Structure formats: structure tokens, C-alpha cells
Amino acid sequence: QVQLVESGGGLVQPGGSLRLSCAASGSIASINLIEWYRQAPGKRREWVAYITDTGDPNYADSVRGRFTISRDNAKNTVYLQMNSLKPEDTAVYYCYGSTRSGPVSGWGQGTQVTVSS
């Protein structure tokens, strides 16, 4: 199974930017859907964005216009560019890959994003 590892989180001020990476241990070409989720303390896990194997993206209303999901097949990596960050974006961010046969791996440890002044 292909493993996905998140990185790139950190502490940023409101209005700032971060780029998260979701690095795969193998080719992502056959993963038909890679998604970003986030979970803040005391809240349910929230879907953030997805990108398909054909490069088609979609976003949750809460991040549309501020976040951009993209992929680099040569690097086997999916990115989440986060701009105009708000305190309510504070959460642990996870990536999750799926094929038509099921998930490519279980949930990882995620990467912490903290937006605070």
C-alpha cells in the first residue's frame, strides 16, 4: 500500500500563508482521489479539499478562495497552499487517499497548523 505523510504545518499569524505537503511512498497516478481533512480540538473532523487523478479540485465552502490544492506527479506529492489564514483554520491537517477499491492507507498523524497572533 502507498503511504501518505503530511508535513509543512507550523505557527503563522492571521493573514499569513503555509503550504502543506502530502508525500506518497509510491506513485500517486493510480490514486483517484486525494483529500485534505482537518480536526480542531473539540470539533468533528472536517473535509477541506480534494484533487482527482485527472487534476480536478474541489473545496469546502470555508476555505474556497483561500486554499489551493495541487499535485506534482513527478514528486508523488499533493500540496495544500493556504493563504489568508484565520484563527479558525487552526487544526491538525490530514491527507487521505482513495481508489475505487478503497483507501490507500489508514489515517496518519497529520500536521499541526496554528494560526494565532
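These notes cover the structure that comes with them.

The rules behind these values
Residues numbered from 1 in each chain as written. Predicted model: local features only at pLDDT ≥ 70, side-chain atom pairs only at ≥ 80, totals over all residues. Heavy atoms only, no water. Helix = DSSP H or I, 4+ residues; strand = E, 2+ residues; numbered from the N terminus. Buried < 20%, exposed > 50% of the residue type's maximum accessible area, 1.4 Å probe, protein only. Contact = heavy atoms within 4.5 Å. Phe/Tyr/Trp six-rings, centres within 6.5 Å; stacked < 30°, edge-to-face > 60°. Lys NZ or Arg CZ within 6 Å of the ring centre and 35° of its normal.

Right, let's talk about the environment of V113 for a bit. By the secondary structure assignment, V113 is in strand 11 (residues 111-115). Residue classification places V113 among the buried residues on the basis of a relative accessible area of 0%. Along the chain, V113 and Y93 lie 20 residues apart, while their C-alpha atoms are 7.1 Å from each other. Not counting the four nearest positions on each side in its chain, V113 is found in contact with G9, G10, L18, L20, M82, D89, T90, A91 and Y93.

Bringing the packing of aromatic side chains into the picture now. What the rule picks out here adds up to four aromatic pairs. Centroid distance W47 to Y50: 5.8 Å. Interplanar angle 45 degrees. Geometry classified as tilted. In this structure W47 comes out as partly exposed when scored by relative accessible area, which is 26%. Relative accessible area serves as the criterion here: at 22%, Y50 is assigned to the partly exposed category. Put simply, the rings of Y37, Y94, Y96 and W107 touch in pairs and so form one group of aromatic residues. Here the guanidinium or amino end of R19 rests over the ring plane of Y79, the centre of that ring lying 4.2 Å away.

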